[in-house]
Amino acid sequence: MPLPYRDRHDAGKHLAEKLISLKGSSDLIVLGLPRGGVPVAAEVAAALEAPLDVFIVRKLGVPGHEEFAMGAIASGGTRVLDEATVRGMRISADGVAAVEASERRELRRRERLYRGTRPLPSLTGKTVVVVDDGLATGASMRAAGMAIRLLGPRRIVAAVPVGSSSVAKGLQDVADAVVCAESPEPFYAVGAWYEDFSPTSDEEVQAALLAAPIAAPAPPPTARLSGLDIIRAAAQPVLGAADDYDPIIELARNARFVLIGEASHGTTEFYRERARITRRLIAELGFNGVAAEADWPDAHRANQWVQDRSDDPDVLAALSDFHRFPRWMWRNEEVREFLVWLREHNDALPPDMRKVGFHGLDLYSMQRSTEAVISYLEKVDPPSAARARARYGCFDHFGDNPQVYGQMAALGAAEPCENEVVGQLVEMQQQRATLAADGPEAADDYFAALQNARLAKNAEAYYRSMFRGRVSSWNLRDQHMAESLEALAAHVGPESKWVVWAHNSHLGDARATGMAAEGEWNLGQLVRERHGDQAVLVGFTTHTGTVTAATNWDAPALQRRGRPSLPESHERQLHLAAAGMSPDYLLVLRDGGAMAEHLATPKLERAIGVIYRPETERFSHYFPSALSQQFDVVIHLDETTALVPLDPDSGWETVEELPETFPFGV
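On a predicted model such as this, the values are computed, not experimentally measured, just so you know.

## Notes on the overall build of the protein
And then number 1: The secondary structure content of the protein amounts to 26 helices and 22 strands.
And then number 2: Here the C-alpha coordinates of the protein stretch approximately 100 × 60 × 45 Å along the principal axes.
And then number 3: Across the 666 residues in the protein, those meeting the buried criterion constitute 58%.
And then number 4: Contacts in the protein between residues at least 24 apart in sequence constitute 74% of all its contacts with a sequence separation of at least 6.
And then number 5: Summed over all atoms, the accessible surface of the protein reaches about 27300 Å², with 52% contributed by carbon and sulfur.
And then number 6: When the 68 positive and 92 negative side-chain charges of the protein are each reduced to one mean point, those points stand 3 Å apart.

Following this line, the structure appears as C-alpha cells:
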C-alpha cells in the first residue's frame, strides 16, 4: 500500500487518479473543505481541469476533548450531531450550544476571509466533488453533503485520499458516490498516514483559490429548489453568539429607524432577543433611544430613571406607573434587565453627551396625560395651569374611564371635548419659546408636557372613533404613534436614530397584509413611506410554545399553551425549514432574490396580543401577509416560552393546557 503520503499535495495527486473519469465533464466543480482539504482539492481540480472553490465546515469538538468530534456544522445552517456521543459523554444542551456558537463565529470569519463578497458558486445541476484530507468520524463530510444537497446539485461525490472504510460506507446516504483512495486497517487517525500533516494556514487556502479557476457565481435559484430548500440556504442561525445579528447591524448602519416587532405581547424570547439587538444598536451605532408601544407618561417615569433624573431608588420603582392591564407587557424580567443595562450605559457616558432614552408612543393614557400637563404647568406657569385645568374639566363627568366619554360623545349624549384638547395643545405649542428656553433639561421637560398634550388631543379623537368602527380607531392610534416618533426624533435632533418596539401588526408594513384591503395602515407603513431604506423593519415568528396572555380584557394573565402553527401559515413553513439545522434563525428579506420572491406569496401569519383565544385561533389570531414585503428581516424562534411578569397574577405559575377539543376547536 503506497502510504504514507508525503503531504496533502501528494495525496491530492493520488486522489485525482481515482477521479480521472470525471475529467471533461462540463458540469464539474471541486469544493475543498478548509483548511486541510483545500490543498488536496487544488490538485484534484487541476488534474480534472475543473473550477475550485471552498465549502466551509466546522467540527464540533467535545468540551475538554476538542479533538474528538460530537458533530459538525456547515454553511447554510446545517448541523450534524452524534446523539450517541452526546448522550454517552453527558454533554448538556447548553454545552453543545456553547461549542456551536463558537464554531459559527469561526465559520463566518472564514467565509468572509476566503470568499469576501463573492457568493457561493452555482451548484444547481452540477457534479460536485467534495474533497477533504481524510475521513475519521465523517462528521464534516456529512455536514457538507447535507448542506450542498439543499443547493440542487445533480450529483455529489465525496472524495478523500484516506479514511475509515466503515465511515466511508456510512456516507452513502448523503453522497451519490464516495471515493476513498486508501482505507488502511486498522485506521487509527488521518494524520498517521501523512509524513507531513502540519496545519494548513489561511494564507495557503487563499493562495490555492487565487491560483485556480473560479466557478461562476450562483444565479437566482430555479424552480428545482423547493421553498424549504430556498429558506434553508438563506437562513443564518441564531445561537446566542455575539455576531448573531450582524446582518441587522449592517442594514442599520445607514438607517435612522429600526423597528423591531414581536408576534405576541407575552413571549420571553421576543423581548430578550429584541433587547440584544437594541443593545448593539445603541452601543455600536449610537442609537439615541427606544420608542415603545407603551403609554407616554408611564414610560416617561422609566425614562427619567435611566437618565438619572428621578428620585426612584431602583428600576422596580421606575416601572411602577405600569400598573394597569396589561402591566406584564412592561413590568417583566426582560424589560427590567434592559433598563438596568441602559442606566449603566448612560452612567458611563461623558457628562456632555446626551443620554439614551426610553419613551412611550401609545395613546391610552388620556387622563394620566392631562394630569401631567397640569402638574407641569403648575410648576412653570400657574395661570396656564388654571386654563388647562378648566379645559380638561370637560372630561370630569365621565370618571376615569375614557371609553365612557367616547361612547357618550359618539352617541350625541355629551358634548365632545375636541375644541378643549385642541386649544390646550395649540397654547402649549405657542409657549415653546418661553417654556423651553432655559437649557436642555427645561427643553426636555417642556417636550414631555407637550407630548402629553398631543396625546390628550389624539386620544380624545381615538375614544370617540372606537364607536364608529375598528378601521378608524386603528388608523388614529397608529397615526398618533407615527406622529409621536417623528416629534421625538425632531426634538432630539434631525440626525437622531431610534429603535421602535411594538407588535408585528404595528411594525410590519400594512400594505403587505390583509389590513390594506380593510383600509388600515400602521406605524411600519408610515415610517417606511416617509424614510424608505432609512427604516429597517424586523419581525419575529414562532411555531409553538407558551405565552403570557389573558382570556379577556382585564382578566388575570396566565401561562397559556400555544397551539402549533397552522399548516397554511408562514410559521409552519419556517418550522419545517428548521429541520436539519438550527431551529432559531434569521432571514434577510430586503436583498430580494428567490427567497424574497418565495416569501412574497401570501400565507397566514399569527398575531397574539394581550388576549389569546386558542379555541378560535384561526379567526382571532391569523391574518394574510406577504412576509418578504412586510419586513426587511424575519427572526424565527421555533419554540418559545412565556414572559415572566414581575408581579404575576394568581395562577400564572401553572401552564394552562390546551382544551380537550384541540385541534378541532369545537
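The structure having been displayed, the exposition proceeds.
## What to know about the packing of aromatic side chains
And then number 1: Taken as a whole, this structure holds 16 aromatic pairs when the rule is applied.
And then number 2: Where Tyr364 meets Tyr462, the ring centres are 5.8 Å apart and the plane angle is 75°; that geometry is what we call edge-to-face. Of the two residues, Tyr364 sits in the loop between strand E12 (357-362) and helix H14 (366-380) while Tyr462 sits in helix H19 (residues 440-465), which places them 98 residues apart along the sequence.
And then number 3: Note on Tyr462: relative accessible area 7%, which makes it buried.
And then number 4: Ring geometry for Tyr462 versus Tyr463: centroids 5.3 Å apart, planes at 75°, classification edge-to-face.
And then number 5: Here a set of aromatic residues connected by ring pairs shows up, and it is made of Tyr271, Phe322, Trp330, Phe338, Trp341, Phe358 and Trp501.
And then number 6: One cation-aromatic arrangement involves Arg274 over Tyr271; the distance from NZ or CZ to the ring centre is 4.7 Å.

## Some thoughts on the state of the cysteines
And then number 1: Under the criterion given, the structure shown has one disulfide.
And then number 2: The residue that forms a disulfide with Cys394 is Cys417, at a sulfur-sulfur distance of 1.9 Å. Taking the torsion about the sulfur-sulfur bond, which here is approximately -85°, the covalent link between Cys394 and Cys417 counts as left-handed. You can see Cys394 sitting in the loop between helix H15 (382-392) and helix H16 (402-410) and its partner Cys417 sitting in the loop between H16 and helix H17 (418-430), a full 23 residues away along the chain.
And then number 3: The exposure class of Cys394 is buried, given its relative accessible area of 18%.
And then number 4: The exposure class assigned to Cys417 is buried, which follows from its relative accessible area of 0%.

## Brief notes about the packing of H17 against H19
Geometry of a packed helix pair, given as the angle between the helix axes and the separation of the axes.
And then number 1: Running from N to C, H17 and H19 point in directions that differ by 160°, and their axes come no closer than 9 Å. As summarised for this structure, H17 and H19 are arranged roughly antiparallel, according to the angle between their axes. Where H17 crosses over H19, the handedness of that crossing is left-handed. Every residue of H19 that contacts H17 at Glu418, Val421, Val422, Leu425, Met428 and Gln429 is listed here: Tyr446, Ala449, Leu450, Ala453, Arg454, Ala456, Lys457, Glu460 and Arg464.
And then number 2: The residue inventory of the contact of H17 with H19, partitioned by class, reads nine nonpolar, one polar and five charged.

## Side note on the nonpolar core
And then number 1: In terms of nonpolar packing, the biggest core is built from 67 residues, with Tyr392, Leu485, Leu523, Tyr585 and Leu587 touching the most fellow members.
And then number 2: Membership of the second largest hydrophobic core comes to 55 residues, among which are Ala275, Leu285, Val315 and Leu319.

## Focus: the sheet that holds strand E1 (residues 28-32)
And then number 1: What the five strands build is an open sheet, ordered E2-E1-E6-E7-E8; its pairing is parallel. Strands with a single pairing partner mark the edges of an open sheet, and in this sheet they are strand E2 (52-54) and strand E8 (177-182). Mean inter-strand twist for the sheet, computed between neighbouring axes without regard to direction, equals 25°.
And then number 2: Together, E1, strand E6 (127-131) and strand E7 (155-162) form the strand contacts of helix H5 (residues 139-149), whose direction differs from that of E7 by roughly 160°.

## A few points about the side chain of Ser565
And then number 1: Checked against the element boundaries, Ser565 lands in the loop between strand E16 (558-562) and helix H23 (570-577).
And then number 2: A distance of 2.7 Å separates the side chain of Ser565 from the side chain of His543, its partner in a polar contact.
And then number 3: For Ser565, the residues in contact, after removing those within four places along its chain, are His543, Glu571, Arg572, Arg606 and Tyr622.

## Let's talk about empty space enclosed by the protein
And then number 1: Across all of its chains, the model carries two cavities of 30 Å³ or more by this definition.
And then number 2: Considered as a void within the structure, the largest cavity measures approximately 140 Å³ in volume.
And then number 3: Lining the largest cavity are 16 residues, with Thr542, Val547, Arg606, Ile608 and Thr640 positioned closest to its centre.
And then number 4: Of the residues forming the lining of the largest cavity, the biggest block, four residues, is contributed by strand E15 (residues 544-549).

## Section: H17
And then number 1: Here H17 spans 19 Å end to end across 13 residues, near enough to the 18 Å set by a 1.5 Å rise per residue.
And then number 2: Among the residues making up H17, those that are buried are Val421, Gln424, Leu425, Glu427 and Met428. End-on, the buried residues of H17 take up no more than an arc of 160°, which puts them together on one face. Exposed side chains of H17 directed beyond 90 degrees from the buried face belong to Asn419 and Gln430.
And then number 3: As for H17, its buried residues are in contact with H14, H15, helix H18 (432-435) and H19.

## Notes on unusual backbone geometry
And then number 1: Here Glu185 and Pro186 are connected by a cis peptide whose omega angle stands at -5°.
And then number 2: Positionally, Pro186 belongs in the loop between E8 and helix H7 (202-211).
And then number 3: Cis geometry marks the peptide bond from Phe325 to Pro326, where omega comes out at -5°.
And then number 4: With respect to the helices and strands, the residue Pro326 is situated in the loop between helix H12 (315-318) and helix H13 (333-347).
And then number 5: A positive phi angle is found at Glu49, which is not glycine, with a value near 55°.
And then number 6: With respect to the helices and strands, the residue Glu49 is situated in the loop between helix H2 (37-48) and E2.
And then number 7: Although it is not a glycine, Arg90 adopts a positive phi angle of roughly 55°.

## Considerations on the confidence of the model for the protein
It should be kept in mind that the predicted coordinates are not to be read in detail where pLDDT is low.
And then number 1: For the protein, the average pLDDT comes to 90, and 94% of its residues sit at 70 or higher.
And then number 2: The model gives residues 219-223 a pLDDT under 50, and that stretch makes three contacts with residues more than four places away or in other chains.

## Let's talk about the environment of Met353
And then number 1: Looking at where Met353 falls in the secondary structure, it is placed in the loop between H13 and E12.
And then number 2: Met353 gets classed as partly exposed once you look at its relative accessible area, which sits at 46%.

## A short note on the pairing of E1
And then number 1: With five of five residues buried, E1 lies mostly within the body of the structure.
And then number 2: Neither face of E1 is exposed, since Leu28, Val30 and Gly32 on one face and Ile29 and Leu31 on the opposite face are all buried.
And then number 3: Both E1 and E6 contribute to a ladder of five bridges, which runs parallel. Residue Ile29 lies in a different strand from E6, and its bridge partner there is Val128.
And then number 4: When E1 meets E2, the two strands line up parallel, connected through three bridges. What sits directly across from Val30, in E2, is Leu52.
And then number 5: The parallel pair E1 and E2 is bridged by H2, and the resulting crossover is right-handed.

Rules used throughout
Residues numbered from 1 in each chain as written. Predicted model: local features only at pLDDT ≥ 70, side-chain atom pairs only at ≥ 80, totals over all residues. Heavy atoms only, no water. Helix = DSSP H or I, 4+ residues; strand = E, 2+ residues; numbered from the N terminus. Buried < 20%, exposed > 50% of the residue type's maximum accessible area, 1.4 Å probe, protein only. Contact = heavy atoms within 4.5 Å. Areas by Shrake-Rupley, 256 points an atom, 1.4 Å probe, with all protein chains shown as cover. Lys, Arg positive; Asp, Glu negative; His and termini not counted. Charge placed at Lys NZ, Arg CZ, Asp CG, Glu CD. Phe/Tyr/Trp six-rings, centres within 6.5 Å; stacked < 30°, edge-to-face > 60°. Lys NZ or Arg CZ within 6 Å of the ring centre and 35° of its normal. Disulfide = S-S within 2.5 Å. Axes fitted to C-alpha atoms, helices over the stretch in contact; angles between N-to-C directions. Parallel < 35°, antiparallel > 145°, perpendicular 65-115°, else oblique. Left-handed = near helix turned anticlockwise from the far one by under 90°. Nonpolar A, V, L, I, M, F, W, Y, C, P; charged D, E, K, R; others polar. Core = buried A, V, L, I, M, F, W, Y, C linked by side-chain atoms within 4.5 Å. Pairing = 2+ DSSP bridges. Polar contact = N/O pair within 3.5 Å; in protein donor to acceptor, adjacent residues only side chain to side chain. 1 Å grid on protein atoms, 1.4 Å probe; cavity = no way out; pocket = protein on both sides within 12 Å on 5 of 7 lines; lining within 4 Å. Points joined across faces, edges and corners; volume = space filled by probe spheres on them. Expected span 1.5 Å × (residues − 1). Arc of directions from axis to C-beta. pLDDT = per-residue confidence, 0-100. Right-handed = clockwise from strand over helix to strand, strands pointing away.

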